[in-house]
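What follows is each chain in one-letter form.
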Amino acid sequence: MPENRNVESEKFSVSAELERMIRSLAHRHGLPEVIFLKELLAYFSEGEMHWNRVRERIGHRMQQMGLENREKLISCIKAWREESANRES
Amino acid sequence: MSPEQRPRVVLDPVVYVLALPPYFLESAVTDVLSGVSHEALELVTSPQILAEIQGILLNAIGASLEESTAVICRLARLATLYVSPEESIALIDTPAVANRLLEAAQEAAADYIITLEPSLLKLDKWHGIKMVKPKDFEFWREEPWTVAEEEC
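Calculation rules
Here the residue index of a chain counts from 1 through its sequence in written order. All chains are assigned letters beginning at A, and all ligands numbers beginning at 1, according to the order in which they are written. At least 70 in pLDDT is required for a residue's local features to be given in this predicted model, at least 80 for side-chain atom pairs to be given and counted, and no such filter applies to totals for whole chains, interfaces and linings, which use all residues. The secondary structure listing takes helices from DSSP runs of H or I that are at least 4 residues long and strands from runs of E that are at least 2 residues long, numbered from the N terminus. The burial label depends on the number of other C-beta atoms within 10 Å of a residue's C-beta. Counts of 20 or more mean buried, 12 or fewer mean exposed, and intermediate counts mean partly exposed, with C-beta atoms placed from the backbone. Throughout, a residue-residue contact means that the two C-beta atoms, derived from backbone geometry, are no farther apart than 7 Å. The axes are straight lines fitted to the C-alpha atoms, using for helices just the contacting stretch, and the angles between their N-to-C directions are given from 0 to 180°. If you view the pair so one helix is near and one far, a crossing is left-handed when the near helix is turned anticlockwise from the far one by less than a right angle, and right-handed when it is turned clockwise. Three residue categories are used. Nonpolar comprises Ala, Val, Leu, Ile, Met, Phe, Trp, Tyr, Cys and Pro, charged comprises Asp, Glu, Lys and Arg, and polar comprises the others, including Gly. Here roughly perpendicular refers to angles of 65 to 115 degrees, roughly parallel to angles under 35, roughly antiparallel to angles over 145, and oblique to all remaining angles.

### Describing the overall build of chain B
Broken down by element type, chain B carries six helices and six strands. The N-to-C order of helical and strand elements in chain B reads β-α-α-β-α-α-β-α-β-α-β-β. Across the 152 residues in chain B, those meeting the buried criterion constitute 53%. Nonlocal contacts in chain B, meaning residues at least 24 apart in sequence, comprise 64% of its contacts between residues at least 6 apart.

### Observations regarding the overall build of chain A
In terms of helices and strands, chain A carries four helices and zero strands. Residue burial in chain A is summarised as follows: out of 89 residues, 17% are buried.

### Focus: the packing of helix H3 (residues 47–60) of chain B against helix H5 (residues 96–107) of chain B
Residues and elements named next belong to chain B. The interhelical angle for the contact between H3 and H5, taken along N-to-C directions, is 145°, at an axis separation of 9 Å. The interaxial crossing formed by H3 with H5 has left-handed handedness. Two secondary-structure elements touch here, H3 through Gln48, Ile49 and Glu52 and H5 through Val97, Arg100, Leu101 and Ala104. Looking at the contact of H3 with H5 residue by residue, the class counts come to four nonpolar, one polar and two charged.

### Description of the packing of H3(B) against helix H4 (residues 65–78) of chain B
Angle between the axes and distance between the axes are the two parameters that describe a pair of packed helices. Residues and elements named next belong to chain B. Where H3 meets H4, the closest approach of the two axes is 9 Å, and the angle between their N-to-C directions is 150°. Judged by the angle between their axes, H3 and H4 are roughly antiparallel. The two elements H3 and H4 meet at a crossing, and its hand is right-handed. Within the contact between the two elements, H3 uses Leu50, Ile53, Gln54, Leu57 and Leu58 and H4 uses Leu65, Glu67, Ser68, Val71, Ile72, Leu75 and Ala76. A class-by-class count of the residues in the contact of H3 with H4 yields nine nonpolar, two polar and one charged.

Taken by themselves, the reported measurements are silent on function.
And the structure:
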């Protein structure tokens, strides 16, 4: 990725905006901000190592749920959406 | 390429989840994210889109809070444009998230929504925003960079 002043300043402002959005997500889910900020910090401090661990765990969960193909995953998402729509109505 | 010239894309949360490792069920999305990190595309996101992704991971896939948060932090960090739409759109009956995608795309003046949602694909084009399936999003594939799995 090319490095220049503009890109760097853009990254800085994106990070500030990101933190704001993460905080608003925490409120949306009614969850403590600290979990979001902890993950954000881990992501920035450990980078790919952190991400590799997370994706390994998520992959394992998908395997456990039997979501090994696109159709199964989509129908699982649809079922969840219908269930939550019914709950809200 | 200057940010003004880069096509702006909104990714459907379902498409993003389908692209997650290790399955890469929508490998085309991996390519899109690679295009974003190579500064050829602008990725738009919103609190509603991130919340939907987290909801899917937590409730449909059974991911933990920490895992789902790590995923959205990752995606939010990749995104180049954040919008908090003020205008509410009620064009699509179900799922509600389709309207949230339209709201984000309209607010960001996006060029594309990359989606598998039939109700959006049926619109084809709305307010100048083109609806495309991941596999049909060809714009940047002629570019010379190589696609790396870890970009997802």
